[in-house]
Amino acid sequence: MKTKHSHLANLALSAALCGALPAFADGSKLPGIGAAMQEMIAKNEIAVVVAKDKLLHLESTGLAEVAAKRPMTPDTVFWIASMTKPITGAAILMLQDEGKLNVADPVAKYLPGFADLKTPSGKPANLTITQILTHTSGLGEASGPDAQKARTLADLVPLWLAAPMQYEPGEKWKYTQSGINAAARIVEVVSGMTFDVFLQKRLFDPLGMKHTTFYFTPELRSQLVTAYAKNKETGLLEPVPPRAEFGPRDRPPQGNGGLYSTGPDYARFCQMLLNGGTLEGRRYLSAAAMKFLATPQTGDLPTGFFQNDTYGNRGANYGWGIGTCILRAPHDGVAAMLSPGTYGHGGAWGTQAWIDPVKGVAYILMVQRSNFPNSDASDVRRNFQQAAADALAKQ
């Protein structure tokens, strides 16, 4: 996965209502990215823009909080939601590298209650770690008051087992939060550490991801961006509070979407992946582990978030790796500028991170808008990636 050059293009935005604002810049800039984002601001879609390329581009535009006129900086913290999932996949693969588990193993080997799980047809489910991390398990979801009372990942296990399975394992792809959280619980069982502690010791501290965490601290709260949603009647953007189930210390460290991070922090994780599992002389993942992240594990099943008429019925264009979405074949729109084999994940409030190993580029987009209908398909993502790709092509 190594290339002659590895660039890291990183853009972070928080949505708010205001006009174009002066740029806060630090370091070099790739031409065209700022202009593309200013165009989005002019449409009253985006008012906070942070763009950072570790080698070429660092730019912040706008405010992290409009009412208080708090400026956006590279250290502004975002809820990255499902961009947590590739990190969960990486944690599982780190343990596989150590010989402590195998993704082909049955989940019941580590979570014994799964041995009694039955499919809709009444057969033993026999779920594998691969299935729970590729959204092909059919596992039921934990929801309702009992899920809100959960304080640990272990508290959620009986709720997943009590929920009816959704379909026969391996029959189809369906985005399933419980499976990713079950994988996080397996990390706890195998490592003897809570999931948050494992990630802190094995990934965040050594990678220098200083502002990445599951839990609010006074410092984190002071750096947290304000999220916004568009009022359907007025078209104005209004502030939205953080999601209640993520951030408080008394909530489980959920591998499906619990992390908060910054653009530069997540860029460190992406750069490690871009470099084939190493960064600055330290190896985090083996070449074999990287194949599980970057190679589809879902066979010919259609997967992903472009499977209906609205998004072009692009299910065959995507496969799923261990915690990652993988682009099999580029298509018009957000994937037009990406190479086959590009992989990554988006988040509910607009965050995006995509690693293109062919071009040696990772794109990281930070947005805090609570009502993106499909953040993977957003115009903001497309405009950013296209501007960055165009600029990199001229280097």
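Residues numbered from 1 in each chain as written. Predicted model: local features only at pLDDT ≥ 70, side-chain atom pairs only at ≥ 80, totals over all residues. Heavy atoms only, no water.

Draft legend 1. Layout of the overall build of the protein. For the protein, the helix and strand inventory stands at 11 helices and 16 strands. Burial analysis of the protein (395 residues in total) assigns 57% to the buried set. Sequence-distant contacts in the protein: of pairs separated by 6 or more residues, those separated by 24 or more amount to 67%. Looking at the protein as shown, the accessible area adds up to about 15,300 Å², and 53% of this sits on carbon and sulfur atoms. (Helix = DSSP H or I, 4+ residues; strand = E, 2+ residues; numbered from the N terminus. Buried < 20%, exposed > 50% of the residue type's maximum accessible area, 1.4 Å probe, protein only. Contact = heavy atoms within 4.5 Å. Areas by Shrake-Rupley, 256 points an atom, 1.4 Å probe, with all protein chains shown as cover.)

Draft legend 2. Spotlight on the nonpolar core. In terms of nonpolar packing, the biggest core is built from 71 residues, with Phe114, Tyr266 and Leu285 touching the most fellow members. Setting aside anything within four residues of it in sequence, one finds phenylalanine 114 in contact with Val107, Ala108, Leu127, Leu139, Val157, Trp160, Leu161 and Ala182. (Core = buried A, V, L, I, M, F, W, Y, C linked by side-chain atoms within 4.5 Å.)

Draft legend 3. Spatial organisation of the side chain of threonine 298. Of note, threonine 298 is situated in the loop between helix H10 (287–294) and strand E12 (318–320). Other than its neighbours up to four places away in sequence, threonine 298 contacts Thr134, Thr136, Thr303, Gly319, Trp320 and Arg328.

Draft legend 4. View of the side chain of threonine 88. Mapped onto the fold, threonine 88 is located in helix H2 (residues 84–97). Owing to a relative accessible area of 0%, threonine 88 belongs among the buried residues under this scheme.

Draft legend 5. A look at the pattern of salt bridges. If you walk through the whole model with that rule in mind, you get eight salt bridges. Across the salt bridge formed by aspartate 105 and lysine 109, the nearest N and O atoms sit 3.9 Å from each other. In this structure aspartate 105 comes out as buried when scored by relative accessible area, which is 13%. By relative accessible area, which is 56% here, lysine 109 ends up exposed. Here arginine 382 and aspartate 379 are joined by a salt bridge, their closest N and O atoms 3.1 Å apart. Linking arginine 382 with aspartate 379, this pair stays in helix H11 (residues 379–393), spanning three residues, or about one helical turn. You can call arginine 382 partly exposed: its relative accessible area is 31%. A single salt-bridge network, built from bridges that share partners, covers Glu98, Lys100 and Arg202. (Salt bridge = Lys/Arg side-chain N within 4 Å of Asp/Glu carboxyl O.)

Draft legend 6. The arrangement of the packing of H2 against helix H7 (residues 195–207) in detail. Contact geometry for H2 and H7: axes closest at 11 Å, N-to-C directions at 80°. The angle between H2 and H7 places the two elements in the roughly perpendicular class. Between H2, through Ile87, Thr88, Ala91, Met94 and Leu95, and H7, the contact on the second element is made entirely by Phe195, Phe198, Leu199, Arg202, Leu203 and Phe204. Classifying every residue of the contact of H2 with H7 gives nine nonpolar, one polar and one charged. (Axes fitted to C-alpha atoms, helices over the stretch in contact; angles between N-to-C directions. Parallel < 35°, antiparallel > 145°, perpendicular 65-115°, else oblique. Nonpolar A, V, L, I, M, F, W, Y, C, P; charged D, E, K, R; others polar.)

Draft legend 7. Spatial organisation of the packing of aromatic side chains. What the rule picks out here adds up to 14 aromatic pairs. The interplanar angle of 65° and the centroid separation of 5.5 Å between the aromatic rings of tyrosine 266 and phenylalanine 269 together place this pair among those described as edge-to-face. Placement of both tyrosine 266 and phenylalanine 269 in helix H9 (residues 263–274) is noted, with a separation of three residues, approximately one turn of the helix. Residue tyrosine 266 shares its accessibility class with phenylalanine 269, and that shared class is buried. Here phenylalanine 306 and tyrosine 311 contribute two aromatic rings whose centre-to-centre distance is 6.0 Å and whose plane-to-plane angle is 80°, an arrangement assigned as edge-to-face. (Phe/Tyr/Trp six-rings, centres within 6.5 Å; stacked < 30°, edge-to-face > 60°.)

Draft legend 8. Representation of the environment of alanine 348 in the model. Of note, alanine 348 is situated in the loop between strand E14 (343–346) and strand E15 (352–356). C-alpha of alanine 348 to C-alpha of asparagine 371: the two residues are 23 residues apart in sequence and 8.3 Å apart in space. When sequence neighbours within four positions are dropped, the list of residues in contact with alanine 348 reads Trp79, Ala81, Arg369 and Phe372.

Draft legend 9. Here's a closer look at helix H5 (residues 153–162). What H5 keeps buried is the set Leu153, Leu156, Val157 and Trp160. Burial along H5 is one-sided: seen end-on, the buried residues are contained in an arc of 120°. Of the surrounding secondary structure, the elements contacted by the buried residues of H5 are helix H4 (145–149), helix H6 (177–191) and H7. (Arc of directions from axis to C-beta.)

Draft legend 10. Seen up close, unusual backbone geometry. In this model, alanine 81 sits at a positive phi of 50°, which is unusual for a non-glycine residue. Tracing the sequence through the fold places alanine 81 in the loop between strand E6 (78–79) and H2. You can call alanine 81 buried: its relative accessible area is 2%. Of note, the phi angle at glutamate 280 is positive, near 50°, even though the residue is not glycine. Residue position: glutamate 280 is located in the loop between strand E10 (278–279) and strand E11 (282–283).

Draft legend 11. Looking closely at the pairing of strand E8 (residues 237–240). Pairing between strand E7 (residues 227–230) and E8: four bridges, direction antiparallel. When the bridges of E8 are listed, alanine 229 appears paired with glutamate 238. The hairpin formed by E7 and E8 contains six residues between the paired strands, and glycine 235 there has a positive phi angle of roughly 80°. (Pairing = 2+ DSSP bridges.)

Draft legend 12. Up close: the confidence of the model for the protein. Across the protein, pLDDT averages 85, with 84% of residues at or above 70. When the criterion is pLDDT under 50, residues 1–5 qualifies, and its contacts beyond four places in sequence or with other chains add up to 12 contacts. (pLDDT = per-residue confidence, 0-100.)

Draft legend 13. Just the packing of H2 against H10, in detail. Following both chains from N to C, one finds H2 and H10 inclined at 150°, their axes separated by 10 Å at the closest point. Taken together, the axes of H2 and H10 lie roughly antiparallel to each other. Note that H2 runs across H10; the crossing there is right-handed. Contacts between H2 and H10 involve Pro86, Gly89, Ala90, Leu93, Gln96 and Asp97 from the former and Ala289, Phe292 and Leu293 from the latter. Class assignment for the residues of the contact of H2 with H10 results in six nonpolar, two polar and one charged. (Left-handed = near helix turned anticlockwise from the far one by under 90°.)

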